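# Observations on the three-dimensional arrangement
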Amino acid sequence: MTSYQSHLGDGEGIAEELAESQQSISIAEFFEKNKHMLGFDSEARALVTAVKEAVDNALDATEEAGILPDIYVEIEEAGDYYRLVVEDNGPGITKAQIPKIFGKLLYGSRFHKREQNRGQQGIGISAAVLYSQLTSGKPAKITSRTQGSAEAEYFELIIDTDTNEPEISEEATTSWERPHGTRIELEMEGNMRARQQLHDYIKHTAVVNPHARIEMVEPDEHFKYERATDQLPDETEEIRPHPHGVELGTLIKMLDATDSYSVSGFLQGEFTRVGQKTSDSVIDNFRDRHFGREMRWRPPQSHEDADVASAVEDAVANKGADATAEFASEVADRIQNTERIAHSKVAENVDDVADDIEDEYGTTFGETVRENAVEAAWEQVTAELTSDIYTLVDEATTKRKDDAHVQGLAERIATKFENRTDDSRHRVTHKDLTAYVGKAADDTEEFDDATFGEKARENVVEALWTRMETVPDDVPHVHDIASERDTASELLEAMRETDIISPPTDCLSPISADLVEAGLTKEYDADFYAAATRDASVHGGDPFIVEAGIAYGGDVEDGGKAEVMRFANRVPLVYQRGACATTDVVKGINWRNYGLDQPGGSGIPNGPAVIMVHIASTNVPFTSESKDAVANIPEIEDEIELAIREAARDLKSFLNKRRSMQQRREKENKLATILPEMAEKISRVTGNEPLDIDDTMARIMNNVLVERQRENGSVEVVVENNADTNADIEITDIVTAEPDAVEEGTVVEMDGEWFVKWSPTVGGGETATLSYSLPGDAECSISVDGIEDEKLTVTDQ
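Residues numbered from 1 in each chain as written. Predicted model: local features only at pLDDT ≥ 70, side-chain atom pairs only at ≥ 80, totals over all residues. Heavy atoms only, no water.

### Structural notes on the nonpolar core
Counting residues in hydrophobic clusters, the biggest one holds 51 residues, and the most contacted among them are Phe-327, Ile-413 and Phe-417. Elements with a contribution of two residues or more to this core: helix H10 (308-315), helix H11 (321-336), helix H12 (343-361), helix H13 (367-381), helix H14 (386-396), helix H15 (403-418), helix H16 (430-448) and helix H17 (454-467). Residues in contact with Ile-413, not counting those within four places in the same chain, are Ile-389, Val-393, Val-437, Ala-440, Val-460 and Leu-464. Within the second largest apolar cluster, 47 residues are counted, among which are Phe-40, Val-55, Met-192 and Tyr-575. (Core = buried A, V, L, I, M, F, W, Y, C linked by side-chain atoms within 4.5 Å. Buried < 20%, exposed > 50% of the residue type's maximum accessible area, 1.4 Å probe, protein only. Helix = DSSP H or I, 4+ residues; strand = E, 2+ residues; numbered from the N terminus. Contact = heavy atoms within 4.5 Å.)

So this is what it looks like as structure tokens:
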């Protein structure tokens, strides 16, 4: 079948005609036709997305102003549409900025900032305005009052999609009961089929923002989530990118734009965590890639055939016999007193000695003389290379290698260095060195019937590379590097290889493990809570922190699968769960190791559990503009897994302990059935008084036995620890009369009752006696804390 394009060249002016049909469109017009990309792909989801964008803006605004958030959300039916109202108590928005913030896509202050924020692109709330006008044809109504203003500003506006500019239909000042804040009202097509996702978003927002008070009124229900803390998130500060996360294109762009002339200045001025020492390390690694390292050879000694002094002396002419002899002798001494030496060090020694001789003899050793001396000395140092390489190869390979094979490999590697016609200084990159050794090993295997495996070759390369020395040459200037892609790539590799401390975290505001746990506790009545906050890591030059929390048991719904809550920069992710890195990591963990059921060994575990993951970053890598799922970035996935496992280890300990306590209860219940019958039979046979089975039970179970004894107004509380470990317990005896002679305890009176308190530490197998005096008609009630009920026996006589 002939394609349409195959006929394009048949007529004149076709290309010009096609060119005339090409035109640019505004970003607003693009999203007008692609609103699904922003999360407005259905009426049900559109309502949730609009709420999310408005609430996220409210939280950001209040926190930036240092105000504890009070957010009100209302959804009501308005004929064929739904009316959404979101109010906050933030600092308000200036009159000039209101139309741009709500009526212009890609308008914001955070896109270029490396600082944690819920919004980054300037699309969210303006996208909700765009969807509202597309579906209802009605303008957005915005009221905002800045702190200290007598009146509020009121706007009604839509977005002109042809120009991506706000089109204002009404502008006025008005009174408003809030002293400061912002209110937005939208009418849009929608439905409440996604009511559960809407409720989840509000509840999860309350969990991850425990400092916020959030109220929501919708057609059928009314929710109010009180704040759990008055502690606002830590303020963040903008930072520069980290060297480990920058990509090549970004680096080239930064090199082009910088005012720095030197690489050192560029690194220290454009990146975080790079000081002089780190910059020097990066530059040395860059030198290794750009210039290669210089091989350091063992210099010939005076008793060997090579004579450095004679060679240097022969290379110097017309400098006087004494000056020349001393110069040659000193150069030879310095070289021969070095274990290994590279070409640059030979040159350095020659320059140093030449300077000294010039001062001493008043003669001049010019550049040509010095170069001749360096060349003569270097020829002596490199006169015989094979034996030197043989030693290195022999050390790097196994003792089972035949000497002849090692000798053959050494000779062939030495030949590679000797045949470097382009560089007599024996400089070679790691890549070229690997190729040298590989070719030499291949030839040795072919011609000498030897075997040098991959590991042996790597060991030989490493042995040679570690003996080589970074060259002292000046590196290219910044703009020269920017103009050469390969050179810029070498700099990037050097940056990534250098050990650089993690970026500062003052650009991030993690929730913290304590507040993660507080948020879970506020909204879930569970038996167990655990939380973990990881140290900062880097992706794409942006630092990020992962936090995880787990709630288990209690009133947490046991509906099969555990509940997974996903957050990014304190924002709940309620859609695209299956496309999110967080979900993938949760599924990939073997939860059986942590005490949860997981049919098939993979997937979301079963049980009454809530698994929460929060990613705080200066630039969260979402999979789409709707910001519903986090991309599968290996560095982020690794941190998610480590954070979850850290919290899950505490869950494992809790579940193991609970099982142990259950086993103790079962054992004690069986003993409680058997012991009374045994005691009765023994007392009947022996004619003795019935045995006290409580004491016996405590000793059999290795329990802590707390026994109160009263006689003639004297009270003794005896603590007998039948376990092997210390018992740190809190004992409180509540009595109805004022006690006297209390030993090692405290007394607190409250509402006509006296609380006698002790906090003893009783060693394993030991007993402690606590005493006081009390009138005989007074009543007592003892309680013990600090030890599980299953490990405690309390008796009262």
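### Here's the deal with helix H7 (residues 248-257)
Those residues of H7 that fall on the buried side of the exposure criterion are Leu-248, Leu-251, Ile-252, Met-254 and Leu-255. Projected down its long axis, H7 carries its buried residues within an arc of 160 degrees, all on one side. The outward face of H7, more than 90 degrees from its buried face, is lined by the exposed residues Gly-249, Lys-253 and Ala-257. Tucked into the core, H7 has its buried residues touching helix H8 (263-270), helix H18 (478-483) and helix H19 (485-497). (Arc of directions from axis to C-beta.)

### Considering the sheet that holds strand S22 (residues 753-758)
Read from one edge of the open sheet, four strands run S21-S22-S20-S25, paired in antiparallel fashion. Strands at the two margins of the open sheet, each flanked by one partner only, are strand S21 (746-750) and strand S25 (780-785). Strand-to-strand, the axes of this sheet are offset by a mean angle of 20 degrees, without reference to chain direction. As paired strands, S21 and S22 are joined by five bridges and run antiparallel to one another. (Pairing = 2+ DSSP bridges. Axes fitted to C-alpha atoms, helices over the stretch in contact; angles between N-to-C directions.)

### Digging into the packing of aromatic side chains
According to the stated counting rule, one finds nine aromatic pairs in the structure shown. Between the aromatic rings of Trp-297 and Phe-417, the centroid separation amounts to 5.5 Å while the plane-to-plane angle is 85 degrees, which identifies the pairing as edge-to-face. Taken together, the residues Trp-297 in the loop between strand S9 (293-294) and H10 and Phe-417 in helix H15 connect sequence positions 120 residues apart. Both residues of the pair, Trp-297 and Phe-417, belong to the buried class. Centroid distance Phe-417 to Tyr-436: 5.9 Å. Interplanar angle 80 degrees. Geometry classified as edge-to-face. (Phe/Tyr/Trp six-rings, centres within 6.5 Å; stacked < 30°, edge-to-face > 60°.)

### A short note on the pattern of salt bridges
Following the criterion strictly, the structure yields 40 salt bridges and no others. For Arg-45, the salt bridge goes to Asp-628, with nearest N and O atoms at 1.8 Å. On the criterion of sequence distance, the pair formed by Arg-45 in helix H3 (residues 43-64) and Asp-628 in the loop between strand S16 (609-617) and helix H22 (634-686) is long-range, its members being 583 residues apart. Across the pair, exposure class does not vary: Arg-45 and Asp-628 are buried alike. The salt bridge partner of Glu-445 is Arg-457, with a shortest N-O separation of 3.3 Å. (Salt bridge = Lys/Arg side-chain N within 4 Å of Asp/Glu carboxyl O.)

### Topic: the pairing of strand S2 (residues 81-88)
A regular strand carries its side chains on alternate faces of the sheet. Burial runs high along S2: seven of the eight residues are buried. Of the pairings in the sheet, the one linking strand S1 (residues 70-78) to S2 comprises eight bridges and is antiparallel in character. Bridge pairing in S2 places Glu-77 opposite Tyr-82. Joining the antiparallel neighbours S1 and S2 is a turn of two residues, in which Gly-79 adopts a positive phi near 70 degrees. Strand direction decides the pairing type here: S2 and strand S6 (residues 181-188), joined by seven bridges, are antiparallel.

### Here's the deal with the environment of Ser-509
Here Ser-509 is to be found in the loop between H19 and helix H20 (513-523). The buried category is assigned to Ser-509, whose relative accessible area is 4%. In this structure the C-alpha to C-alpha distance between Ser-509 and Ile-545, which are 36 residues apart in sequence, comes to 8.9 Å.

### Observations regarding the sheet that holds S2
Read from one edge of the open sheet, eight strands run S5-S4-S3-S6-S2-S1-S7-S8, paired in mixed fashion. Strand pairing shows two members of the sheet lacking a second neighbour, strand S5 (165-174) and strand S8 (222-225), which therefore form its edges. Taken pair by pair, the neighbouring strands of this sheet meet at an average axis angle of 10 degrees, ignoring direction. In the packing of H3 onto the sheet, contacts are made with S1, S2 and S6, and the angle to S1 comes to roughly 155 degrees. Along the sheet face, helix H6 (residues 195-208) touches S1, strand S7 (213-217) and S8 and points at about 165 degrees away from the line of S7.

### Section: a negative patch on the surface
Together, Glu-738, Asp-740, Glu-749, Asp-751 and Glu-753 make up a region of like negative charge exposed at the surface. Along the polypeptide, Glu-738 turns up in the loop between strand S20 (730-735) and S21. What makes Glu-738 exposed here is its relative accessible area of 57%. (Patch = residues over 30% accessible without salt bridge, like charges linked within 9 Å, V, L, I, M, F, W, Y side chains within 5 Å. Areas by Shrake-Rupley, 256 points an atom, 1.4 Å probe, with all protein chains shown as cover. Lys, Arg positive; Asp, Glu negative; His and termini not counted. Charge placed at Lys NZ, Arg CZ, Asp CG, Glu CD.)

### Focus on the side chain of Asn-569
Inspection of the secondary structure assignment puts Asn-569 in the loop between strand S14 (563-568) and strand S15 (571-572). Exposure remark for Asn-569: the relative accessible area of 4% places this residue in the buried category. Looking at Asn-569, its side chain comes within polar contact range of the main-chain nitrogen of Ser-617, at 2.8 Å. (Polar contact = N/O pair within 3.5 Å; in protein donor to acceptor, adjacent residues only side chain to side chain.)

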